[in-house]
Amino acid sequence: MLIHLSRIQRLYRSDEVETTALHDIELEIAQGEFVAIMGPSGCGKSTLLNILGTIDRPTAGSYRFGGEELTKLNEAALARFRRENLGYIFQSFNLIDELTIEENIELALVYRNIPKPERRKRVAQAMDRVGIAHRARHYPSQLSGGQQQRAAIARAIVGEPRLILADEPTGNLDTENGTQVMDILQTLNDEGSTIIMVTHSPSHADLARRRVDMLDGQIVISVRNVI
Amino acid sequence: MIASILRSIGRQARRHPLYVGLNVFGLALGIGVFLTLALVVRFEYSFNTGFVDADRLARMDEHWSEPGTTPYESADVSFRALPFLKQDFSEIEDGVTFTATNLNVEKNGQFTHFSGRMTDPGFFRMFSLRLLQGNSDTALTRPDGLVLSRQAAMTVFGKPDVLGKTVEINRIGQKSTYTVTGVLGDAPSPGLLDNVDMLLPVPPQDRLQRSCFLFWASSCGEILLKFHKHNDIAAVNARLSDFVQHRASGTAEDQISIGADGKRVYALSVVPLKETHFHDSQVEDTANSAEQYVIDGIGLIGLLALILGCANTVNLATARAGLRAKEVALRKTLGASRFMLFTQFMGEAMVFSCIAGLSGLVLCEICVPAIASVTGEAVRINYYFIALLLPLVILGSGLASGLYPSLILSGYNPASILAAARMPACPQEGGKQLCYGTCWLWRNFLSQSASLSAH
């Protein structure tokens, strides 16, 4: 099993209010799975994704990745875990405006101490896979939303991560571009990538191999799709 | 890492030239003003410090407090004290008289004015000064001996190689012929020998006839002393009252002494030569003095300019932190550790500081000659001093201007930032409003700055 979440809780505390974002989450995800997480706004989808991506810590519970307990790691170890194992795709693409598309994608490799020629080679391959090689020297503002999201996917896959986390990757795209993005994700999954995707779109969730429904910080349904 | 920092700065300069320009200009202005005023302060503090054994050199001052008059301190003293000082205080290694005099040299029917000092033969030995030409031990032993500055030699003879040549000098209406026995090179400056063109021995008849050599109540120049140890200055000062009573007091009819109870109206003190520049603001018959609090104030203004330059950089960097929050969150999700980001941002601050430091040096190059011209002080850029100071200023400015924004930026929580990026209004984290992390940050910074200003 690649991922094992056990009794994960996430509480947000302020001076006056304590809010439970996640409550006793139990989830197992195998290597090569494509899991879609659905649910209404505020149900804890993104919080769960953040915890899976180790950019947020659970208040309680256990998160094991490839057999390693991650909740005990310090910030530096988690940063190392992220750069070696994870790829992120965001709804709003989150490309850095000051960098070219090529540089944005390369950023995922910069912190791994990979030599520059090797980085360039991998970036070229990743851009070819998502069909934006001709936009390499452009800045994000010069690209359409669909192209930006493809660039973001290239950034997520360039490091060949063990897990790709996608937070509403089609949320800001029109139908055609959304379909293209889903096609790319499906292809990546077919090639062996493990993907966890948060989405509001039932049709896109149906393209995943498993669908997890959340409500009020809890997983209420976990079903395998027939593809 | 360095390449990445330089690329980042290059990108910022391309994409945000106004930000980079203001950042560098503000800090460069602060550093430029600081360097300029630091040079001025250093100059004012360096009077008479260039002499060998400067710590052991001092000047004798006298204090008068006669009934019905305002008490005053004077650097011009009675030379009658000198032989008694040498006799009574074993702490004194050497001592000379030092009297300013105006000299005129006639050349081709025209008089050229020179600033001269009459002193004793031991002057060069006491100040450990070596002559470009001539023997410093004997240059002032003969009554017609004359030591010229190199510039005076050039003015009078048109060349520095003038040993043995004679000069006719008109001093207080009397013409005398002097023989050049020495040429003085660059004397330690600023200090005692600034603008001194010629040094000549005290005329023998002066020692016999001039009142300041004979009477305690008459004065005509300075007594300069050299002590065996620096601490001897204070030790001698403590015993000068008894010295005055013993040596300067006499009877009411006595013309040589200052009366029956001399120490009631007359006192002597020894002032370390290094302190005379500031001390002389309270002393009569002195030139080229400065108030120490004014100089310290100028130094403080320089320091404030540097702090303001740094604050401006912190201000701009903090204001812009909001724009970089998404970048930070993204870099963290891609695996950058806090240390990596901190190093990146501190590196950028250091490079900005380096650029500003060099720009500040250019500003200093422009300002220092202007200040020297306006004030008439011989302030100039000392590159050895700058080479020591500028790296420290760059390092300090880089740390001061980069530490706070770097700590804040590298400490952003990526989950909060990415959540904020999706929300239309400022979200909350731990009771603090985020808006890409800037709202509370900016407010905190401004409130802290306001608090600092208030103090």
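Residue numbers restart at each chain and count upward from 1, following the sequence in its written direction. Going through the entries in the order they are written, you letter the chains from A and number the ligands from 1. Given that the model is predicted, a residue must reach a pLDDT of at least 70 before its local features are reported, and side-chain atom pairs must reach 80 or more before they are shown or counted; all residues, however, enter totals for whole chains, interfaces and linings.

Turning our attention to helix H3 (residues 81–88) of chain B. Residues and elements named next belong to chain B. Exposure criterion: with C-beta atoms placed from backbone coordinates, a residue whose C-beta has 20 or more other C-beta atoms within 10 Å is buried, one with 12 or fewer is exposed, and one in between is partly exposed. By definition, any uninterrupted DSSP run of H or I lasting at least four residues is a helix, any uninterrupted run of E lasting at least two residues is a strand, and each is numbered from the N terminus. Listed as buried for H3 are Ala81, Leu82 and Leu85. On an axial view of H3, the arc spanned by its buried residues comes to 95°, and they lie on one face. H3 presents Pro83 and Gln87 as exposed residues on the side facing more than 90 degrees away from its buried surface. Note on contacts: residues are paired as contacts if their backbone-placed C-beta atoms lie within 7 Å. On its buried side, H3 packs onto strand E1 (57–64), strand E3 (92–107), strand E10 (222–227) and strand E11 (266–272). By definition, the arc is the one covered by directions from the helix axis to the C-beta atoms.

Looking now at the sheet that holds strand E4 (residues 60–65) of chain A. Residue and element names in this part refer to chain A. When DSSP finds two or more bridges between a pair of strands, those strands are recorded as paired. The strand order across the open sheet formed by four strands is E2-E1-E4-E5, and the pairing between neighbours is antiparallel. Pairing within the sheet leaves two strands with one partner each, and these edge strands are strand E2 (18–29) and strand E5 (68–69). As paired strands, strand E1 (residues 3–13) and E4 are joined by five bridges and run antiparallel to one another. Bridging from a neighbouring strand, glutamine 9 pairs with alanine 60 of E4. Under this scheme, a helix contributes an axis fitted over its contacting stretch, all axes are lines through C-alpha atoms, and angles between N-to-C directions fall in the 0 to 180 degree range. With respect to the sheet, helix H1 (residues 45–52) is in contact with E1, E2 and E4, its orientation differing from that of E2 by roughly 60°.

Looking now at the interface of chain B and chain A. Facing 23 residues of chain B, the contacting portion of chain A comprises 23 residues. Classes in brief: Ala, Val, Leu, Ile, Met, Phe, Trp, Tyr, Cys and Pro nonpolar; Asp, Glu, Lys and Arg charged; the others, Gly included, polar. Class assignment for the residues of the side of chain B that touches chain A results in ten nonpolar, six polar and seven charged.

Right, let's talk about the confidence of the model for chain B for a bit. Residue and element names in this part refer to chain B. Per-residue confidence from the predictor is reported as pLDDT, which spans 0 to 100. Summary statistics for chain B give a mean pLDDT of 88 and a share of 92% for residues scoring 70 or more. No element of chain B has a lower mean pLDDT than strand E13 (residues 428–429), at 44, and none a higher one than E10, at 97. Confidence drops under pLDDT 50 across residues 424–455; counting only partners more than four residues distant or on other chains, this segment forms 43 contacts. Scored as a complex, the prediction yields pTM 0.78 and ipTM 0.90.

Sheet strands pair via backbone hydrogen bonds, and the direction of the pair is either parallel or antiparallel. Residues and elements named next belong to chain A. The strand order across the open sheet formed by six strands is E6-E7-E8-E3-E9-E10, and the pairing between neighbours is mixed. Strands at the two margins of the open sheet, each flanked by one partner only, are strand E6 (86–90) and strand E10 (218–224). Here the strands of the sheet are splayed against their neighbours by 15° on average, with no regard to which way each runs. Where strand E3 (residues 34–38) meets strand E8 (residues 194–198), four bridges bridge the pair, whose relative direction is parallel. Looking at E8, one finds that phenylalanine 34 is bridged to isoleucine 195. Packed onto the sheet, H1 meets E3, strand E7 (163–167), E8 and strand E9 (210–215) and runs at close to 150° relative to E8.

UniProt positions are given in the numbering used here, feature names are shortened, and annotations may be inferred rather than shown by experiment. Under the UniProt annotation, the feature "domain: ABC3 transporter permease C-terminal" (unreviewed entry) is placed at residues 300–414 of chain B. Helix makes up 88% of residues 300–414 of chain B and strand makes up 0%, while its end C-alpha atoms are separated by 42 Å.

A few words on the nonpolar core. Note on terminology: a nonpolar core is any set of buried Ala, Val, Leu, Ile, Met, Phe, Trp, Tyr and Cys residues joined through C-beta atoms within 7 Å. In this structure, A:Ile37, A:Ala154 and A:Ile196 are the most contacted members of the largest nonpolar core, which totals 115 residues. Top element by residues in this core is helix H2 (residues 17–45) of chain B. It accounts for 13 residues. Once residues within four sequence positions are removed from consideration, A:Ile37 is found in contact with A:Lys45, A:Leu48, A:Ile196, A:Met197, A:Val198, A:Val212 and A:Met214. Of all hydrophobic cores here, the second largest spans 53 residues; its members include B:Val96, B:Phe114, B:Phe123 and B:Leu240.

The residue after B:Ser189, namely B:Pro190, is reached through a cis peptide bond having omega 5°. With respect to the helices, strands and loops of the structure, B:Pro190 is situated in the loop between strand E8 (174–184) and strand E9 (198–201). Phi is positive for A:Phe93, which is not a glycine, with a value near 65°. Residue position: A:Phe93 is located in the loop between E6 and helix H3 (101–110). Look at A:Phe93 and you get buried, because 22 C-beta atoms sit within 10 Å. Located in the positive-phi region is A:Asp216, a residue other than glycine, with phi close to 50°.

In this section: the UniProt feature "transmembrane region" (unreviewed entry) in chain B. Residue and element names in this part refer to chain B. UniProt feature "transmembrane region" (unreviewed entry): in the numbering of this structure it lies at residues 20–41, 339–363 and 383–404. Span residues 20–41 is 100% helix and 0% strand, its end C-alpha atoms 31 Å apart. Taken end to end, residues 339–363 is 100% helix and 0% strand, and its two terminal C-alpha atoms sit 35 Å from one another.

For any part of a model where pLDDT is low, the fine detail of the predicted coordinates should not be relied upon. Across chain A, pLDDT averages 92, with 100% of residues at or above 70. Averaged pLDDT values over the elements of chain A bottom out at 89 in E10(A) and peak at 96 in E4(A).

For the rest of this paragraph, the subject is the domain arrangement of chain B. Here the limits of each domain have been adopted from an automatic or database domain assignment. By domain assignment, chain B separates into domain 1 (2–47 + 292–454) and domain 2 (79–214 + 218–229). Taking only C-alpha atoms, the centre of domain 1 of chain B and the centre of domain 2 of chain B are 53 Å apart.

Turning our attention to the pairing of E10(B). Regular strands place their side chains on alternate faces of the sheet. Residues and elements named next belong to chain B. Of all the six residues making up E10, six are buried; the element is thus mostly covered by neighbouring parts of the structure. Both faces of E10 are covered, namely the face carrying Glu222, Leu224 and Lys226 and the face carrying Ile223, Leu225 and Phe227. Judged from the four bridges that link them, E1 and E10 form a sheet pairing that is antiparallel. Bridge assignment links alanine 58 to a residue of E10, and that residue is leucine 225. By the bridge criterion, six bridges tie E3 to E10 in an arrangement that is antiparallel. From the neighbouring strand, valine 96 faces E10, where its bridge partner is leucine 224.

All names here are of chain B. For alanine 252, the position within the fold is in the loop between helix H8 (232–248) and helix H9 (262–265). For alanine 252, a count of 8 C-beta atoms within 10 Å corresponds to the exposed category. A C-alpha to C-alpha distance of 10.0 Å links alanine 252 and glycine 262, two positions ten residues apart in sequence.

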